Amino acid sequence: MMYGVINLCKLTESIPLCDLGILLTSAVCHDLDHPGYNNAYQVNARTELAIRYNDISPLENHHCAVAFRILSNPECNIFRNVSETIFRDIRAGMIQLILATDMARHNEILEAFKSRVDNFDFHNDEHLTSLKMILIKCCDISNEVRPMEISEPWLDCLLEEYFNQSDREKLEGLPVAPFMDRDKVTKPSAQIGFLKFVLIPMFSALSKVGGPLSSIATARLIADVPPN
């Protein structure tokens, strides 16, 4: 998805090459070794990951750690030919982007981006960082912008993952999120709420950057949501 966004939106013309590499690599690595249970479960169940990362984005911190453990292997280190200074920048950028995929930070990241979008400047480091965080978030949860024949089977897998978690939470006496409860959730209701309150606001904000980004998937998303 990230590769498609970069090319379709001609981001190679406005985002530096190193940042494009950070975006692509972060997208590949952002869910490495995902255990199938979200941060809420990790924290409530007091898992090893929650303890290790002090309840702060345990999954995203884990994905980062696994990514750099792989990159520490000389045979896997795609950055082995860059200088130490550039590698430090790449590492910092990847950590920042992967941690941005924690949905607990969604409103914080989106509001920060919206505050900059009307006067967006690709040469401003803060603006560019904010854009990169939104781009990886859009790609992370972009299933619904794909054609139905592609997106629906993945949605079924996601809902089953949610239901498996809620079943386990019930067995362990842990809090259950309503949107993950197989006794309360239907596929249409889950999708309408997600499109209305998460995807459309984020993609709409991204489209205001202008240029090729102005038409990024927003029309399709809006068309998928039935009127009230």
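In this text, all values refer to a predicted model and were calculated from it rather than measured experimentally. (Residues numbered from 1 in each chain as written. Predicted model: local features only at pLDDT ≥ 70, side-chain atom pairs only at ≥ 80, totals over all residues. Heavy atoms only, no water.)

**Some thoughts on the side chain of E60**
Then step 1. Mapped onto the secondary structure, E60 falls in helix α5 (residues 58-71).
Then step 2. Buried and unpaired, E60 has R105 as its nearest opposite-charge partner, separated by 8.5 Å.
Then step 3. The contact partners of E60, leaving out residues within four places of it in the chain, are N39, I98, L99, T101 and D102. (Helix = DSSP H or I, 4+ residues; strand = E, 2+ residues; numbered from the N terminus. Buried < 20%, exposed > 50% of the residue type's maximum accessible area, 1.4 Å probe, protein only. Lys, Arg positive; Asp, Glu negative; His and termini not counted. Salt bridge = Lys/Arg side-chain N within 4 Å of Asp/Glu carboxyl O. Contact = heavy atoms within 4.5 Å.)

**Focus: the pattern of salt bridges**
Then step 1. In total, this model carries 12 salt bridges according to the counting rule given.
Then step 2. R52 is paired through a salt bridge with E48; the nearest N and O atoms lie 2.4 Å apart. With R52 and E48 both in helix α4 (residues 48-52) and 4 residues apart, this pair spans about one turn of that helix.
Then step 3. The exposure class assigned to R52 is partly exposed, which follows from its relative accessible area of 40%.
Then step 4. Where salt bridges share partners, they join E152, D156 and K187 into one cluster.

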